[in-house]
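Per-entry structural report
Chain by chain, the residues:
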Amino acid sequence: MALNNAFTVSQTLTATEMNNLPFGVADHTSSASDDTLSTSLTASLGMSVTWTADSTRLYKITYYEPQVRSSSVLSSYVDLELRQTNVSGTQLQQIFVGNVTAAVITTESATVTYIGTFSSGSRTVIGAALVSSTTGAPKLLRSGTSRAYIICEDVGLA
């Protein structure tokens with residue numbers, strides 16, 4: 001979407017110009033329930049958005065975990081991903097939260113963000129996770145005041 005460097009006060013805002021603007025939130029959800037991690041990629045509890053996509057629009061998907069508790073194994077990691085449809089679907093983005101300084105459990109927040117287009121029609125994107133080792137009971141820790149969320153936003157024309 002081009003920046004508005006031509007529109008001035010008192011001009012008429014046209015339909016074409018309005019279609020350049022972001023449409024806002026397409027879908028969102030949150031969860032206050034902990035999610036135990038495994039060494040197999042699984043859908044994160046409650047982290048799924050579904051909306052009717054338009055191939056001419058740009059979408060921003062944000063998946064946030066307030067507390068990612070790692071394994072207690074040195075050099076272990078938690079892999080957080082955004083995937084289309086389900087855990088077997090197309091991987092859109094991923095991040096790794098690592099435990100690289102000592103063989104102790106670490107806890108930190110993590111955000112995975114994807115910006116891109118989708119083919120027109122009903123689309124689902126999920127947050128998914130896996131851990132390299134289950135030693136130390138790694139989890140995605142959540143609560144009523146520390147919620148995980150996933151949000152899909154229409155950010156304008158592609």
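Description of the structure in this document. (Residues numbered from 1 in each chain as written. Predicted model: local features only at pLDDT ≥ 70, side-chain atom pairs only at ≥ 80, totals over all residues. Heavy atoms only, no water.)

1. Digging into the overall build of the protein
Counting its secondary structure elements, the protein contains one helix and ten strands. Beginning at the N terminus, the succession of helices and strands in the protein can be written as α-β-β-β-β-β-β-β-β-β-β. With the principal axes as the frame, the protein shows a C-alpha extent of 65 × 30 × 30 Å. Burial statistics for the protein: of 158 residues in total, 35% are counted as buried. Within the protein, contacts between residues at least 6 apart in sequence are counted, and of these 78% link residues at least 24 apart. Taking the average location of the 8 positive side-chain charges in the protein and that of its 11 negative ones, the two points are 5 Å from each other. (Helix = DSSP H or I, 4+ residues; strand = E, 2+ residues; numbered from the N terminus. Buried < 20%, exposed > 50% of the residue type's maximum accessible area, 1.4 Å probe, protein only. Contact = heavy atoms within 4.5 Å. Lys, Arg positive; Asp, Glu negative; His and termini not counted. Charge placed at Lys NZ, Arg CZ, Asp CG, Glu CD.)

2. Observations regarding the pattern of salt bridges
If you walk through the whole model with that rule in mind, you get three salt bridges. In this structure, the salt-bridge partner of R142 is E65, at a minimum N-O distance of 2.5 Å. Note that R142 is positioned in the loop between β9 (139-141) and β10 (148-157) and E65 in strand β4 (residues 57-69), a separation of 77 residues in sequence. Across the pair, exposure class does not vary: R142 and E65 are buried alike. (Salt bridge = Lys/Arg side-chain N within 4 Å of Asp/Glu carboxyl O.)

3. With respect to the environment of G116
Within the fold, G116 resides in strand β7 (residues 107-116). A C-alpha to C-alpha distance of 9.0 Å links G116 and L92, two positions 24 residues apart in sequence. Ignoring any residue separated from it by four or fewer positions in sequence, one finds G116 in contact with R57, L58 and Y59.

4. Some points on the nonpolar core
Among the nonpolar cores identified, the biggest contains 25 residues, and W51, I61, Y63, L80, L82, F118 and V125 are the most heavily contacted of them. Listing elements by their share of this core, those giving two or more residues are β3 (42-53), β4, β5 (76-84), β6 (91-99), β7, β8 (121-131) and β10. Setting aside residues up to four positions removed in sequence, L80 forms contacts with Y63, E65, V68, Q93, Q94, I95, A110, V112, A128, A129 and L140. (Core = buried A, V, L, I, M, F, W, Y, C linked by side-chain atoms within 4.5 Å.)

5. Details of the packing of aromatic side chains
Summed over the entire model, instances satisfying the criterion amount to six aromatic pairs. Ring geometry for Y114 against F118: centres 5.9 Å apart, planes inclined by 70°, an arrangement best described as edge-to-face. Summarising the burial analysis for this pair, Y114 and F118 share the class buried. Taken together, the ring pairs in this structure connect W51, Y59, Y114 and F118 into an aromatic cluster. Over the ring of F23 we find R57; its NZ or CZ atom is 3.6 Å from the centre of that ring. (Phe/Tyr/Trp six-rings, centres within 6.5 Å; stacked < 30°, edge-to-face > 60°. Lys NZ or Arg CZ within 6 Å of the ring centre and 35° of its normal.)

6. Considerations on unusual backbone geometry
Unusually for a residue other than glycine, S75 sits at a positive phi of about 65°. Relative to the elements of secondary structure, S75 occurs in the loop between β4 and β5. In the Ramachandran plot, T85 falls in the positive-phi region, its phi being about 75° despite a non-glycine side chain. Along the chain, T85 falls in the loop between β5 and β6.

7. Description of the sheet that holds β6
A sheet is described by the order of its strands in space; here four strands give the open sequence β3-β8-β5-β6, paired in antiparallel fashion. If you trace the sheet from one side to the other, it starts and ends with β3 and β6, each paired once. Between one strand and the next, the sheet's axes are offset by a mean angle of 15°, whatever the strand orientation. The pairing of β5 with β6 spans eight bridges and is antiparallel. Residue L82 lies in a different strand from β6, and its bridge partner there is Q93. (Pairing = 2+ DSSP bridges. Axes fitted to C-alpha atoms, helices over the stretch in contact; angles between N-to-C directions.)

The values are spatial; any link to function lies outside them.
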